[in-house]
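# Examining the three-dimensional arrangement
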Amino acid sequence: MGMETEFATVVEPRDGSLSSGVKAREVYAGLRDAICRHLPAVEGLDGGDRRFLANGSAINLETHLAFRDGPGGLFEMATPEVYRPSDLVACQRAIDEIMRDASNEARWSDDQNVGRLRVLKNSCDAAGHLYGCQENYETDVASGIGLLVYRLAICFVWALQIVCVLMSFPIVVAIVFASLIQHSVRQARSIVYRRGGRFDTQLNTTDQDNDLQWHDHPDTSDSEETFVALPSWFQWLSIACLRMLHLPLVLSLRVIGTHIAFRTQRRHLTGLLVSRVAIMGTGHLDHDGRFFLSGKALGIDRVADMGGFNGERPIFVYGHWLSKLCGRSWRSIAETRHLLKRRQRLQIGLSDSNLSDLAQWAKVGSVALVLDMIEAKQTKELPRLRRPIRALHVFNRDWNLLRRVPTSHGEMTSLEMQTHYYRAAAKFVREQQQQSRQTSGWDEADRALQHWAESIRLVRQFRKDGNQTAQGLGRIDWLGKRWMLDQAAGEMPGENASWVTRKKIDLRYHELSEEGYFARFIADHREHELVDEDDIEMRRRNAPADSPAAQRGWMIREFAGDVSVAGGPTMRTDWDRALVGHEQGVRTVIYGQRESEPRADKRS
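Within every chain, residues take consecutive numbers counted from 1 along the sequence as written. For a predicted model such as this one, the threshold for reporting local features is a pLDDT of at least 70, and the threshold for listing and counting side-chain atom pairs is 80 or more; totals across whole chains, interfaces and linings nevertheless cover every residue. Excluded from the side-chain calculations are hydrogens and water; all other atoms, namely the structure's heavy atoms, are used.

## Some remarks on the environment of His338
Selection criterion: A run of H or I in DSSP counts as a helix once it spans at least four residues, and a run of E counts as a strand once it spans at least two, with each numbered from the N terminus. By the convention used here, residues are in contact when the closest approach between their heavy atoms is within 4.5 Å.
With respect to the helices, strands and loops of the structure, His338 is situated in the loop between α11 (331–335) and β12 (343–348). With 14 residues separating them along the chain, His338 and Lys324 place their C-alpha atoms 9.6 Å apart. Not counting residues within four places of it along the chain, the set of residues in contact with His338 comprises Gln344 and Asp576.

See below:
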């Protein structure tokens with residue numbers, strides 16, 4: 001299991017102006033360099049912005065190429081892959097602290113108008129853009145006949161992928177050719193300009209400045225930078241052609257994702273994910289002053305889909321399959337075979353960026369327990385929603401926890417559904433303990449049940465009496481934010497706070513600094529923290545010893561900063577393998593394999 005979190009960045013100009021003019025790529029570079037000063041890091045296999053860190057985590061700039069010269073930007077940081085909820089919560093806490101420190105330690109040049117950089121761990125900004133957290137769990141993609149059908153479908157997609165790559169080859173060649181011409185022309189202009197020459201009278205000063213700014217961006221790969229420098233009409237035309245050529249591949253993946261893959265998980269997990277906004281939502285204040293339990297749930301419009309290909313926002317996301325099929329050129333054809341495995345990554349997009357340890361524990365622990373129930377085929381008592389998306393939006397705006405929706409077990413509120421899931425999971429754990437005749441191996445399950453039950457109890461307490469919020473502060477995110485919003489007052493006695501004041505509270509609740517409202521509250525209530533400082537410090541430096549990321553972290557410490565004979569980095573890595581250069585060529589190292597197994601191949 002693991003989590004990916006997109007952090008929003010806000011730059012406060014040094015001169016007090018409305019805009020700093022600092023680009024998203026520059027913000028990412030500042031944070032990246034601040035992190036890498038403390039943690040060894042290497043580039044990803046595909047180059048670009050991704051960096052893998054020695055503690056098993058990874059960072060990336062989650063902003064489209066066309067918008068990286070604009071303000072803002074999303075900084076993504078992913079946890080290492082782990083096997084236990086306790087490790088996942090500790091790793092996420094470590095990431096939060098790494099981001100907090102990086103925002104304070106980022107270095108800026110005198111030309112960059114940066115007074116302060118703020119990092120927010122939230123799910124929705126003031127403009128309504130959605131981002132935030134995604135959860136990942138390894139589970140069976142199908143079983144029995146369903147698994148056979150799935151593999152046949154993947155084989156069909158594999159053949160279709162080869163056809164799409166061959167058909168798109170002329171377009172890729174055209175892009176490369178145009179990029180080379182553009183690069184040569186700009187280099188020639190730059191040389192002439194530096195020698196004091198004059199461009200054609202039609203070339204204005206702005207073009208000259210743009211030419212100079214185009215060179216030597218340390219934050220993006222050459223291929224990406226060259227493509228962005230092409231004319232806008234050429235970029236749009238080439239992207240449109242590539243998307244059209246890959247449309248059959250996308251439609252095929254949609255059929256697999258919505259009708260074949262993870263059918264059992266989607267059937268029995270959806271009700272849990274939809275109803276958990278009542279106890280694990282982080283709260284959101286919209287432009288009309290209405291309060292919602294979850295900012296992430298506002299944009300969810302379907303149960304399963306790609307996620308972002310056409311602007312869709314599903315509960316279950318499989319866009320990473322499309323990236324695997326299309327994002328790595330010819331190598332992606334060979335990597336498609338990994339999709340034939342029985343165990344695949346189930347990605348959940350309906351997940352809030354929680355700050356509370358209790359909420360994070362209950363979130364990942366409850367999903368892990370229900371997945372265990374699904375694999376054990378103990379799902380009879382789990383309720384199923386008849387109209388999941390409609391139920392989600394009903395629950396999301398019902399912070400009084402009164403509204404009911406139809407389920408397979410009758411009409412239920414969100415809190416009643418969570419209680420039903422909890423009782424079924426508790427019964428399952430007891431039965432498994434009795435069958436195994438031991439309880440020592442179920443510590444993680446017991447802790448997950450304990451924190452899940454405590455979350456339900458706190459919300460139920462508020463449901464019975466709206467004034468009973470004290471125990472939930474710092475533990476239930478949306479409840480704590482709602483309480484802070486209710487405390488806000490206007491400028492005059494008895495006057496309600498303005499929307500701007502309330503929205504400031506909504507955003508600064510998520511700020512990762514000593515001035516963040518959640519951070520200020522929890523600093524005086526350390527008893528609400530469930531992760532020891534020693535565990536957090538350990539996860540800041542190393543992945544758990546039994547994690548697949550442990551070997552990756554060890555290799556990064558060994559090879560980070562080394563330069564190969566060819567002049568490039570000695571090591572590049574991905575989640576599951578690394579390429580390490582040496583005198584005879586490049587060796588592929590598959591993580592998790594023993595040294596005695598001759599599975600590492602050499603490439604000249």
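## Here we look at the pairing of strand β4 (residues 58–61)
We apply this condition: The classification of residues rests on relative accessible area computed with a 1.4 Å probe and restricted to protein chains. Under 20% of the type maximum is buried, over 50% is exposed, and intermediate values are partly exposed. Any two strands are treated as partners once DSSP identifies two or more bridges connecting them.
Neither face of β4 is left uncovered, since the one carrying Ala58 and Asn60 and the one carrying Ile59 and Leu61 both have all their residues buried. In terms of strand pairing, strand β3 (residues 51–53) meets β4 through 2 bridges, oriented antiparallel. Along β4, the bridge assignment pairs Phe52 with Ala58. Here β3 folds back onto β4 in antiparallel fashion, the turn holding 4 residues, of which Gly56 has a positive phi close to 90°. Both β4 and strand β5 (residues 74–78) contribute to a ladder of 4 bridges, which runs antiparallel. Residue Ala58 lies in a different strand from β5, and its bridge partner there is Ala78.

## Notes on the pattern of salt bridges
To be explicit about the condition: When a carboxyl oxygen of Asp or Glu lies within 4 Å of a side-chain nitrogen of Lys or Arg, that pair is called a salt bridge.
Counted by the stated rule, this structure contains 39 salt bridges. Here the residues in one salt-bridge network are Arg93, Glu97, Arg100, Asp101, Asp357, Arg526, Glu529 and Arg540, joined through shared partners.

## Comments concerning unusual backbone geometry
For Lys377, which is not a glycine, the phi torsion comes out positive at approximately 60°. Tracing the backbone shows Lys377 in the loop between α12 (357–375) and α13 (388–396). Residue classification places Lys377 among the exposed positions, given a relative accessible area of 66%. Residue Leu401 is not a glycine yet carries a positive backbone phi of 60°. As for its placement among the helices and strands, Leu401 is situated in the loop between α13 and β13 (405–407).

## A word on the nonpolar core
So the rule is basically this: Take the buried residues of types Ala, Val, Leu, Ile, Met, Phe, Trp, Tyr and Cys, join any two whose side-chain atoms come within 4.5 Å, and each joined set is a nonpolar core.
Grouped together as the largest cluster of nonpolar side chains are 139 residues, with contacts concentrated most on Met77, Met99, Tyr150, Ile256, Leu269, Trp321 and Trp452. The dominant element in this core, judged by the number of residues it contributes, is α12, at 11 residues. In this structure, Met77 is in contact with Met3, Glu4, Thr5, Phe7, Leu53, Ser57, Ala58, Ile59, Ile95, Ile98 and Met99, ignoring residues within four places of it in sequence.

## Considering the confidence of the model for the chain
When pLDDT is low, close inspection of the predicted coordinates is not appropriate. To keep it simple, the criterion reads: Residue-level confidence of the predictor is what pLDDT reports, using numbers from 0 through 100.
Of all residues in the chain, 86% attain a pLDDT of 70 or more, and the chain-wide mean is 84. Confidence over residues 198–220 falls short of pLDDT 50; this stretch has 36 contacts with residues more than four positions distant or in other chains. Per-residue pLDDT stays below 50 along residues 594–604; that stretch engages in 15 contacts with residues further than four places along the chain or on separate chains.

## Some words on the packing of helix α2 (residues 85–105) against helix α19 (residues 533–541)
Definition in use: Throughout, an axis means a line fitted to C-alpha atoms (over the contacting stretch in the case of helices), and angles, computed between N-to-C directions, take values from 0 to 180 degrees. An angle counts as roughly parallel when it lies under 35 degrees, as roughly antiparallel when it exceeds 145, as roughly perpendicular when it falls between 65 and 115, and as oblique in every other case. Under the scheme applied, nonpolar residues are Ala, Val, Leu, Ile, Met, Phe, Trp, Tyr, Cys and Pro; charged residues are Asp, Glu, Lys and Arg; polar residues are all the others, including Gly.
At a minimum axis distance of 8 Å, the contact between α2 and α19 shows a crossing angle of 70°. It follows from the interaxial angle that α2 and α19 lie roughly perpendicular. Side by side, α2 and α19 meet where Ala90, Cys91, Arg93, Ala94, Glu97, Ile98, Arg100 and Asp101 of the first sit next to Glu533, Ile536, Arg539 and Arg540 of the second. Among the residues forming the contact of α2 with α19, the class breakdown is 5 nonpolar, no polar and 7 charged.

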